[in-house]
Amino acid sequence: MSTGSGADSAPDHTPAPKNSMFSSLKVRNYRLFATGQVVSNTGTWMQRIAQDWLVLSLTGSASAVGITIALQFLPMLLFGLYGGVLADRLPKRPLLIGTQTAMGLTGLALAALTLAGHVQVWHVYLAAFLLGLVTVVDNPARQTFVSEMVGPAQVANAVSLNSANFQSARLVGPALAGVLITAVGSGWAFLLNGLSFAAPVAGLLMMRAHELYPVRPRPRAKGQLREGLRYVAGRPELIWPIVLVGFIGTFGFNFPIWLSAYVSDVFHGDAGTYGLFNTLIAAGSLAGALLAARRGHSRLRLLVAAAALFSALLVVTAFVPDFWLFAALLVPIGMFGLTVNVTANSSVQMATDPEMRGRVMALFMMVFTGGTPLGAPLVGWITDTYGARIGMATGGLISLAGALTIAVVLSRVGNLRLRVSRHHGLALVPRTPTPTLARAA
């Protein structure tokens, strides 16, 4: 896979450690980052569950949950590319200290309203939108700061471990949220989330600046946004993974809508059941992240195959009548969904020049999460109107159609063919050697 012409611009501090599942954790700065993130990620998942359940309790509507999700991701759709420009212009570490502090304050504000008994659904909508505004800058800065902590040789491993970190917190956060909501209410989950951001801020402050692999910030200039778009448009190894995750992010990652509807309308459960479903998805996602970390490389054929399997599983699971079988299928759904995310993320980062990485990753996150404001209200309306099963199956079918279409496009653009083998199953392989895209496949 192409690493971009500037991939080796970072200083060579020490030889890269031998690649292993946890090789990035040998880097002190990354250990500090990962420790802080696992604390704040646990709080984030607690707030997500509490937020969704609070909105459902206040309104009784899956569409309202969809509106909340849409408002949280709408700023990424509207301003995501500008966040990437800022990430390329400004030093990452002080920028992240500011964004992580602001995210903690939104959690504390929502906690105060909820614990005081004054919370209304518009308060949750506003908090979600403000959190989304901060995320516009935080996301590309955090994504690109990974390479500055570990260096180019460890980017794929560190990206995978970031996802494993996030999914580990997802195992704990929903379970804690379910207990807290049932015992004392949603407000305490919001409070703990707000306080949890002290951990990543402390980790960032404790880092050794001389051990980083800094990318020189780009000076302010006209046309930087257009420059980033032209850069991606001219590289098929970037644009097609971004298009694919756009389909999956818009129509396939609407679990708060579907799972809340399954809990309330199909299986007649409570907040604990909702937490269990999210924990099972997280278990599969964690397994997918660790497998990706062990592989240490990203391939487009793996991305397409994982997207197709994820989408097909959504359709199959939608019509499973048994509670425990439905719950069990959430594990492989989480595993393949995470494989899509990690493989696309690391392949895009590794194929991008460092000075363009902020804008490219902003576009990646804008498409992946920014499509949610378009997909979530539609999926929520389908779920409210036709039921949870039809809503989930519809999202899976649209995602599957996107995955198969991208597979055909990649096979033509990259001069690839579909190969069926006993050992590897279905795979896209080059017909003849071709530059960049064939290597990425």
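Residues numbered from 1 in each chain as written. Predicted model: local features only at pLDDT ≥ 70, side-chain atom pairs only at ≥ 80, totals over all residues. Heavy atoms only, no water.

1. Here we look at the overall build of the protein
Here's step 1: Scanning the protein from N- to C-terminus turns up 17 helices and 2 strands.
Here's step 2: A buried classification covers 56% of the 441 residues belonging to the protein.
Here's step 3: In the protein, once contacts between residues fewer than 6 apart in sequence are set aside, the share between residues at least 24 apart is 84%.
Here's step 4: Counting only carbon and sulfur atoms, one obtains 67% of the accessible surface of the protein, whose full area is about 17500 Å². (Helix = DSSP H or I, 4+ residues; strand = E, 2+ residues; numbered from the N terminus. Buried < 20%, exposed > 50% of the residue type's maximum accessible area, 1.4 Å probe, protein only. Contact = heavy atoms within 4.5 Å. Areas by Shrake-Rupley, 256 points an atom, 1.4 Å probe, with all protein chains shown as cover.)

2. Side note on the packing of aromatic side chains
Here's step 1: Summed over the entire model, instances satisfying the criterion amount to 16 aromatic pairs.
Here's step 2: Members of the aromatic cluster, joined through ring pairs, are Tyr-262, Phe-267, Phe-277, Phe-323, Trp-324 and Phe-326.
Here's step 3: Above the face of the Trp-45 ring, Arg-48 is positioned so that its terminal group lies 4.6 Å from the ring centre. (Phe/Tyr/Trp six-rings, centres within 6.5 Å; stacked < 30°, edge-to-face > 60°. Lys NZ or Arg CZ within 6 Å of the ring centre and 35° of its normal.)

3. Looking at unusual backbone geometry
Here's step 1: The residue His-268 is not glycine, and still its phi comes out positive at about 50°.
Here's step 2: If you trace the backbone, His-268 turns up in the loop between helix H10 (255-266) and helix H11 (271-295).

4. What about the pattern of salt bridges?
Here's step 1: One pass over the structure, following the stated rule, counts 3 salt bridges.
Here's step 2: The salt bridge partner of Arg-142 is Asp-138, with a shortest N-O separation of 2.9 Å. Taken together, the positions of Arg-142 and Asp-138, both in helix H4 (residues 121-150) and 4 residues apart, correspond to about one turn of that helix.
Here's step 3: Asp-138 gets classed as buried once you look at its relative accessible area, which sits at 0%.
Here's step 4: Close ionic contact of Glu-211 with Arg-208 constitutes a salt bridge, the shortest N to O distance being 3.1 Å. (Salt bridge = Lys/Arg side-chain N within 4 Å of Asp/Glu carboxyl O.)

5. Describing H10
Here's step 1: Among all positions of H10, only Phe-255, Ile-257, Trp-258, Leu-259, Ser-260, Ala-261, Tyr-262 and Val-263 are buried.
Here's step 2: At the exit of H10 stands His-268, carrying a positive phi of roughly 50°.

6. Comments concerning the packing of helix H2 (residues 62-89) against H10
Here's step 1: At a closest axis distance of 9 Å, the pairing of H2 and H10 adopts a crossing angle of 160°. Considering the angle they form, H2 stands roughly antiparallel to H10. Here H2 runs over H10; the crossing is right-handed. Only Pro-256, Ile-257 and Ser-260 of H10 make contact with H2, whose side of the interface consists of Ala-62, Val-65, Gly-66 and Ile-69.
Here's step 2: Considered class by class, the residues forming the contact of H2 with H10 number 5 nonpolar, 2 polar and no charged. (Axes fitted to C-alpha atoms, helices over the stretch in contact; angles between N-to-C directions. Parallel < 35°, antiparallel > 145°, perpendicular 65-115°, else oblique. Left-handed = near helix turned anticlockwise from the far one by under 90°. Nonpolar A, V, L, I, M, F, W, Y, C, P; charged D, E, K, R; others polar.)

7. Digging into H4
Here's step 1: Relative to the 44 Å expected for 30 residues at 1.5 Å per residue, H4 spans 42 Å between its end C-alpha atoms, a close match to the ideal helical length.
Here's step 2: Counting buried residues along H4, 23 of its 30 residues qualify, which places the element largely inside the surrounding structure. (Expected span 1.5 Å × (residues − 1).)

8. A closer look at the environment of Ile-97
Here's step 1: With respect to the helices and strands, the residue Ile-97 is situated in helix H3 (residues 92-115).
Here's step 2: Each C-alpha atom of the pair Ile-97 and Phe-197 lies 9.7 Å from the other, and the pair is 100 residues apart in sequence.
Here's step 3: Every residue in contact with Ile-97, bar those within four places of it in the chain, is listed here: Val-201, Leu-204 and Leu-205.

9. Re the confidence of the model for the protein
Here's step 1: Per-residue confidence for the protein gives a mean pLDDT of 80; residues scoring 70 or more make up 85%.
Here's step 2: The weakest mean pLDDT in the protein belongs to helix H17 (residues 437-440) at 51; the strongest belongs to helix H7 (residues 198-205) at 94.
Here's step 3: Across residues 1-17 the pLDDT falls below 50, and counting only partners more than four positions away or on other chains, this stretch makes 37 contacts in the model. (pLDDT = per-residue confidence, 0-100.)

10. Concerning the environment of Leu-300
Here's step 1: On the secondary structure map, Leu-300 appears in helix H12 (residues 300-318).
Here's step 2: Sequence spacing of Leu-300 and Trp-240 is 60 residues, and the spatial spacing of their C-alpha atoms is 9.2 Å.

11. As for the environment of Thr-343
Here's step 1: Position of Thr-343 among the secondary structure elements: in helix H13 (residues 323-350).
Here's step 2: Sequence-wise, Thr-343 and Ser-160 are 183 residues apart; in three dimensions their C-alpha atoms are separated by 8.4 Å.

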